[in-house]
Amino acid sequence: MSAPPPAPEAEEFRRHARAFADWMADYMAGVGDLPVRSRDLPGAVMERLAGGPPEEGEPVEDIFRDFRDAVLPGITHWQHPRFFGYFPANNSPPSVLAEMLTAALGAQCMLWETSPAGTEMETLVLEWLRRMTGLPEGFEGAIQDSASSATLVALLVARERASGGRANREGLHGAGPFAAYASAEAHSSVEKGAMVAGFGLEGLRRIPVDGAFAMRPDALEAAIRRDRAEGRVPACVVATLGTTGVGGVDPLAEIGEICAREGAYLHVDAAWAGSALLLEEHRDMIRGVERADSFVFNPHKWLFTNFDCSAHYVRSAEELERTLSVFPEYLRTEAGDRVTDYRNRSIPLGRRFRALKLWFVIRNYGVEGLRRLIRGHIAMAGDLERRIAADPDFELMAPRSLALLNFRLRPAGAGDGEDLDGLNAELLRRVNESGIAYLSPGRVGGRHSIRFAIGQRATTPEDVERAWREVRRIGGELAGA
Ligand SMILES: *Cc1c(COP(=O)(O)O)cnc(C)c1O
């Protein structure tokens, strides 16, 4: 059978796609030469893009030229080897290739029937990841768009469990009030989830942390006791492995025991640190995870898979589906009872084919290839930690957690009383303005710190060295001023 002659549209697509592929390869190879953070001021992109939607279509060449000249300068390069801000949102060649296929297919994977491969591959890669991270057998779940969504879903399931299904059925007036618990260092998504799920900010207890920035189990117990005495239902505890600020790790085993005793739902937020579970030597973190009701981590942070891709696991898929299922007539399918319809495991109905990029990444790197990359990042952070500790003008603000450091400039002889916050804000500003590296601000014990998170695919020890040299150079200027 010979293929039909290609339509002119397909030929044009082929031509542009080839040119784009060349551009993407050049971008990946050369991104390290660009300033990491965009140098645009607010409004600059809008100004360059001024004008209304064109009445008649324009050639792709023209649109691409504007992308290059008007859009690109407004991009902060997250895939830059010296992007050390926030947490990484890294990607990789196999992930980008898969995203191209996903876009071409344009499949909407809400039901098994609307693309069996979307559903079955999601089940498959979640099981692969479960084994790769050492999570307990039987944990299954869904790929969500974000850890924030997974945490919100966990709070909803907890609410339904605590109210015996009443909250979904009757609304919140007849149920609760509920309380949720997370450490003082937990991510803001827990707060947002508590607002959305009807716990209210007043129903969220921020539990104090110990000297290692981990939730104090005794304080958790005390808070639960107080709530019971006041007639609140302790419904959900969110434990964090790898807090966003300093990478604190909550004691899962102790917290799990308390939850089991109190009948509270236990959700584990390992958004960033979860990827380190590929390394046996970091599995201590999940001692006690058998007691967790759900667990989330983000391959879109530190597992070389394009945003968005959050792996959300639950112990009881049945309980999750009971919380999120609705059954309008138009969503009924013949296979419905025999297959997983992932729409019942997440809040939006529509679902992208997110599993494909993960499948490409895991197969192309192999588990050992992924381990090597992550281990490399942690080793680079260890080297940097030693250099900071040995530098008389700088100090670590918290112990290193995996590949995350918090430090500040404290010129030799300077007392804590001096305006170190102002000095460090200025240091950060100038480093980021240099374009050589990108770091982000932190707060440790109420004081300004500078966060340095290593996790880009192409980052080398020379990149870390170059960024550190720049920090020291500017720090030296500021200290001498
Ligand atoms: C990044 C982060 C989140 C939020 O992740 P999203 O996928 O962007 O919602 C939640 N918790 C922790 C601990 C994080 O580091």
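As the structure is a computational prediction, the values presented were derived from the model and not from experiment.

Side note on the environment of Arg387
Here Arg387 shows up in helix H13 (residues 355–390). For Arg387, a relative accessible area of 35% translates into the label partly exposed. With 43 residues separating them along the chain, Arg387 and Arg430 place their C-alpha atoms 21 Å apart. Dropping the residues within four chain positions of it, Arg387 is found in contact with Glu465, Trp468 and Arg472.

Description of the packing of aromatic side chains
What the rule picks out here adds up to 18 aromatic pairs. A ring pair is formed by Phe84 and Phe452, whose centres lie 4.3 Å apart and whose planes are at 25°; its orientation type is stacked. Taken together, the positions of Phe84 in the loop between helix H3 (60–71) and helix H4 (93–105) and Phe452 in strand S11 (residues 447–453) put the pair 368 residues apart, joining distant regions of the chain. Phe452 carries the same exposure label as Phe84, and that label is buried. An angle of 50° between the planes, with centres 6.0 Å apart, marks the rings of Phe178 and Phe199 as tilted. On the criterion of sequence distance, the pair formed by Phe178 in strand S2 (residues 178–183) and Phe199 in the loop between helix H8 (188–196) and strand S3 (204–207) is long-range, its members being 21 residues apart. What links up through ring pairs into an aromatic cluster is the set Phe20, Trp23, Tyr27, Phe64 and Phe67. Taking the ring centre of Trp359 as reference, the NZ or CZ of Arg363 above it sits at 4.8 Å. A cation sits over an aromatic face here: Arg451 above Phe87, 4.9 Å from the ring centre.

With respect to a nonpolar patch on the surface
Taken together, the side chains of Met195, Val196 and Leu201 present a nonpolar region at the surface, about 300 Å² in accessible area. When its relative accessible area of 56% is taken as the criterion, Val196 is described as exposed.

Looking at the sheet that holds S2
Spatial ordering of the open sheet is given by S1-S7-S6-S5-S4-S2-S3, a layout of 7 strands whose pairing is mixed. Lying at the two open borders of the sheet, with one neighbouring strand each, are strand S1 (140–144) and S3. Within the sheet, the average angular offset between the axes of one strand and its neighbour, ignoring direction, is 20°. Seen against the sheet, helix H10 (residues 252–262) touches strand S4 (233–240) and strand S5 (265–269) and runs at an angle of roughly 155° to S5.

Section: the side chain of Glu160
Considering the arrangement of structural elements, one finds Glu160 in helix H6 (residues 147–162). A polar contact of 3.1 Å, which involves the side chain of Glu160, links it to the side chain of Arg159. In this structure, Glu160 is in contact with Gly165, Arg166, Ala167, Asn168 and Thr323, ignoring residues within four places of it in sequence.

A closer look at the pattern of salt bridges
Under the criterion given, the structure shown has 46 salt bridges. Notably, a salt bridge pairs Glu122 with Arg351, separated by 2.8 Å at the nearest N-O pair. Here Glu122, found in helix H5 (residues 116–133), pairs with Arg351, found in the loop between helix H12 (317–324) and H13; they are 229 residues apart in sequence, far enough to count as distant. Taken together, the shared-partner salt bridges in this structure form one network comprising Glu426, Arg429, Arg430, Glu433, Glu470, Arg473 and Glu477.

Thoughts on the site of the ligand
Not every one of the 13 residues close to the ligand is listed here, only the nearest: Ala147, Ser148, Asp269, Asn298 and Lys301. A distance of 3.2 Å separates an oxygen atom of the ligand from a polar atom in the side chain of His300. Take Lys301: an N or O atom from its side chain is 2.9 Å from an oxygen atom of the ligand. If the ligand stood free it would expose 390 Å²; the protein chains cover 88% of that surface. If you list the elements that add at least two residues to the shell around the ligand, you get H6 and helix H11 (299–302). Taken together, the residues of the shell around the ligand sort by class into 3 nonpolar, 8 polar and 2 charged.

Describing helix H15 (residues 461–480)
Every α-helix carries 3.6 residues per turn, so stepping three or four residues along brings you back to the same face. The end-to-end C-alpha separation of H15 is 28 Å, in line with the 28 Å expected for 20 residues at 1.5 Å each. Every buried residue of H15 is accounted for by Asp463, Val464, Ala467, Trp468, Glu470, Val471, Ile474, Gly475 and Leu478. Taken end-on, H15 shows its buried residues confined to a sector of 155°, consistent with a single buried face. Of the exposed residues in H15, those oriented more than 90 degrees away from the buried face are Glu462 and Gly480. On the buried face of H15, the contacting elements are H13, strand S8 (394–396), strand S9 (404–409), helix H14 (420–434) and S11.

Quick look at the nonpolar core
By size, the foremost hydrophobic cluster in this structure holds 89 residues, and its most contacted members are Phe295 and Phe452. Here this core takes 13 residues from H13, the largest share from any one element. In contact with Phe452, other than residues within four places in its own chain, are Phe84, Leu384, Ala403, Leu404, Leu405, Phe407, Leu439, Val464 and Ala467. Counting residues in each nonpolar core, the second largest holds 25 residues, with Phe178, Phe199, Leu204 and Leu320 among its members.

Calculation criteria
- Within each chain, residues carry numbers counting from 1 in the order of the written sequence.
- Local features in a predicted model are, by the rule used here, given only for residues with pLDDT of at least 70; side-chain atom pairs are given and counted only at 80 or more, and totals for whole chains, interfaces and linings are based on all residues.
- For side-chain calculations, the full set of non-hydrogen atoms in the structure is used, while hydrogens and water are omitted.
- In DSSP terms, a helix is any run of H or I states spanning at least four residues, a strand is any run of E spanning at least two, and both are numbered starting from the N terminus.
- Relative accessibility decides the category of a residue: with a 1.4 Å probe and only protein chains considered, values under 20% of the type maximum give buried, values over 50% give exposed, and everything between is partly exposed.
- Here a residue-residue contact requires only that any non-hydrogen atoms of the pair lie within 4.5 Å.
- Stacked, tilted and edge-to-face are the three classes applied to pairs of Phe, Tyr and Trp rings, where Trp contributes its six-membered ring and a pair requires centres within 6.5 Å; stacked means planes under 30 degrees apart, edge-to-face means over 60, and tilted covers the rest.
- Definition used: whenever NZ (Lys) or CZ (Arg) falls within 6 Å of the ring centre and also within 35 degrees of the ring normal, the charge is taken to sit over that ring.
- Residues qualify for a patch when their relative accessible area is over 30% and they have no salt bridge, like charges being joined within 9 Å and the nonpolar side chains of Val, Leu, Ile, Met, Phe, Trp and Tyr within 5 Å.
- For the area figures, the Shrake-Rupley method with a 1.4 Å probe applies, and any residue is considered shielded solely by the protein chains shown.
- Any Lys or Arg side-chain nitrogen located within 4 Å of an Asp or Glu carboxyl oxygen qualifies as a salt bridge.
- Being paired, for any two strands, means DSSP has found at least two bridges between them.
- For every element, the axis is a line fit to its C-alpha atoms; helices are fit only across the contacting stretch, and the angle between N-to-C directions ranges from 0 to 180 degrees.
- Here a polar contact means two N or O atoms within 3.5 Å. Within protein one must be a hydrogen donor candidate and the other an acceptor candidate, and residues neighboring in sequence count only if both atoms are side-chain atoms.
- Any residue with a heavy atom lying within 4 Å of a molecule or strand is counted as near it.
- All amino acids are sorted into three groups, where Ala, Val, Leu, Ile, Met, Phe, Trp, Tyr, Cys and Pro are nonpolar, Asp, Glu, Lys and Arg are charged, and the leftover types, Gly among them, are polar.
- Residue count minus one, scaled by 1.5 Å, sets the expected span of a helix.
- The arc in question is the one traced by the directions running from the helix axis out to the C-beta atoms.
- Only buried Ala, Val, Leu, Ile, Met, Phe, Trp, Tyr and Cys residues count toward a nonpolar core, and they belong to the same one when joined by side-chain atoms within 4.5 Å.

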